[in-house]
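Understanding the architecture of this molecule
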Amino acid sequence: VLQKWVNREISNFDYLIQLNTMAGRTYNDLAQYPVFPWILRDYTSEELDLNNPAVFRDLSKPIGVVNEKNAKAVKEKYENFEDPLGIIDKFHYGTHYSNAAGVMHYLIRVEPFTTLHIQLQSGRFDCADRQFHSIPATWQALMDNPNDVKELIPEFFYFPEFLENQNGFNLGQLQISKDVVNDVVLPKWAHSPEDFIYKHRKALESEYVSAHLHEWIDLIFGYKQRGPAAVEALNVFYYCTYEGAVDLDALTDEKERKALEGMINNFGQTPCQL
């Protein structure tokens with residue numbers, strides 16, 4: 001697969017799907033859903049210029065520190081963290097770039113994810129301000145908040161329907177602007193959900209991304225995923241998210257095991273290291 005990708009016999013999209021599959025990720029498990037990168041940073045221009053490197057996100061950095069301002073806080077948190085019991089290793093992020101709640105967050109307008117979301121929120125929709133209501137606003141929140149580190153799901157590159165409230169769900173209204181949450185607000189350069197998907201996919205297959213995609217792959221699936229390289233790249237997550245970090249079979253206390261299983265399922269899981 002690597003050779004095919006290098007020779008450009010398969011697309012960037014196909015390569016990412018294959019890597020996700022090899023790393024144990026699947027559409028059948030929300031806790032290990034395929035993970036895709038944010039690839040753009042320009043969600044406000046009238047036109048999207050894919051020949052301009054400035055419109056792309058820096059793929060060599062974890063999403064939590066793409067904004068330089070957050071890097072200092074993330075670093076300090078890691079350096080100052082000390083678990084008195086010695087169980088929890090130091091980490092940069094207490095949340096994860098891919099978890100079940102995040103997948104439902106993006107796919108809230110489409111069943112069965114709507115129902116799953118409502119179940120997660122104890123029988124109702126989450127408050128409107130916390131919902132996925134705008135792509136530019138979601139990106140801005142990532143830039144402002146080092147604790148929000150959600151990457152994307154593959155649907156952002158092929159499934160325009162998830163951006164439309166075709167089922168007419170009542171998703172509430174935003175507190176400050178009083179706008180009703182309906183279809184997802186798109187970047188200015190996208191004239192329809194289909195247009196957004198078309199341009200976003202084009203961006204994924206662009207020359208810039210083809211030349212830099214391996215840098216993101218190193219962080220998620222490769223050598224910067226754990227160990228000293230991960231520390232240096234500001235890419236260390238809570239210990240429970242890593243494969244093999246917890247031996248569930250060794251836990252004799254049923255309650256403790258259930259609690260850890262729940263945590264792993266809800267918290268997010270780092271893919272197997274390839």
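Reference entry: report on the structure contained in this document. Computed from a prediction, not measured in an experiment: that's the story for all the values here. (Residues numbered from 1 in each chain as written. Predicted model: local features only at pLDDT ≥ 70, side-chain atom pairs only at ≥ 80, totals over all residues. Heavy atoms only, no water.)

**So, the overall build of the protein chain**
Of the regular secondary structure elements, the protein chain holds 10 helices and 0 strands. Written out in order from the N terminus, the α and β elements of the protein chain read α-α-α-α-α-α-α-α-α-α. In summary, the protein chain has a C-alpha radius of gyration of 19 Å against a globular reference of 19 Å for 274 residues, a match within 12%. Overall size of the protein chain, expressed as C-alpha extent along the three principal axes, is 55 × 50 × 35 Å. Within the protein chain, the fraction of its 274 residues that count as buried is 48%. Restricting the contact set of the protein chain to residue pairs at least 6 apart, pairs at least 24 apart contribute 68%. Working note: accessible area of the protein chain is about 13,700 Å², and carbon and sulfur atoms make up 52% of it. Taking the average location of the 25 positive side-chain charges in the protein chain and that of its 39 negative ones, the two points are 3 Å from each other. (Helix = DSSP H or I, 4+ residues; strand = E, 2+ residues; numbered from the N terminus. Rg over C-alpha atoms; globule rule 2.2 N^0.38 Å. Buried < 20%, exposed > 50% of the residue type's maximum accessible area, 1.4 Å probe, protein only. Contact = heavy atoms within 4.5 Å. Areas by Shrake-Rupley, 256 points an atom, 1.4 Å probe, with all protein chains shown as cover. Lys, Arg positive; Asp, Glu negative; His and termini not counted. Charge placed at Lys NZ, Arg CZ, Asp CG, Glu CD.)

**Focus on the state of the cysteines**
One pass over the full model with this rule turns up 0 disulfides. No disulfide involves Cys 240; its nearest neighbouring cysteine sulfur is the one of Cys 272, lying 16 Å away. By relative accessible area, which is 24% here, Cys 272 ends up partly exposed. (Disulfide = S-S within 2.5 Å.)

**What to know about the packing of aromatic side chains**
Under the defined criterion, the tally for this structure stands at 27 aromatic pairs. One cation-aromatic arrangement involves Lys 90 over Tyr 78; the distance from NZ or CZ to the ring centre is 5.9 Å. A cation sits over an aromatic face here: Arg 201 above Phe 13, 4.2 Å from the ring centre. (Phe/Tyr/Trp six-rings, centres within 6.5 Å; stacked < 30°, edge-to-face > 60°. Lys NZ or Arg CZ within 6 Å of the ring centre and 35° of its normal.)

**With respect to helix H10 (residues 254-267)**
With 14 residues, H10 should cover 20 Å at 1.5 Å per step; its first-to-last C-alpha distance of 20 Å lies within 8% of that length. Measuring from the backbone nitrogen of Lys 255 back to the side-chain oxygen at the start of H10 gives 3.0 Å, which picks out Asp 253 as the cap. (Expected span 1.5 Å × (residues − 1). Polar contact = N/O pair within 3.5 Å; in protein donor to acceptor, adjacent residues only side chain to side chain.)

**A short note on the pattern of salt bridges**
Throughout the structure, instances matching the rule amount to 12 salt bridges. Lys 61 is paired through a salt bridge with Asp 58; the nearest N and O atoms lie 3.8 Å apart. Given the relative accessible area of 24%, Lys 61 is considered partly exposed. Using a relative accessible area of 24% as the deciding quantity, one classes Asp 58 as partly exposed. Here the salt bridges share partners, and the residues they tie into one network are Asp 58, Lys 61 and Glu 68. (Salt bridge = Lys/Arg side-chain N within 4 Å of Asp/Glu carboxyl O.)

It is worth stressing that arrangement in space is one thing and function is another; only the former is reported here.
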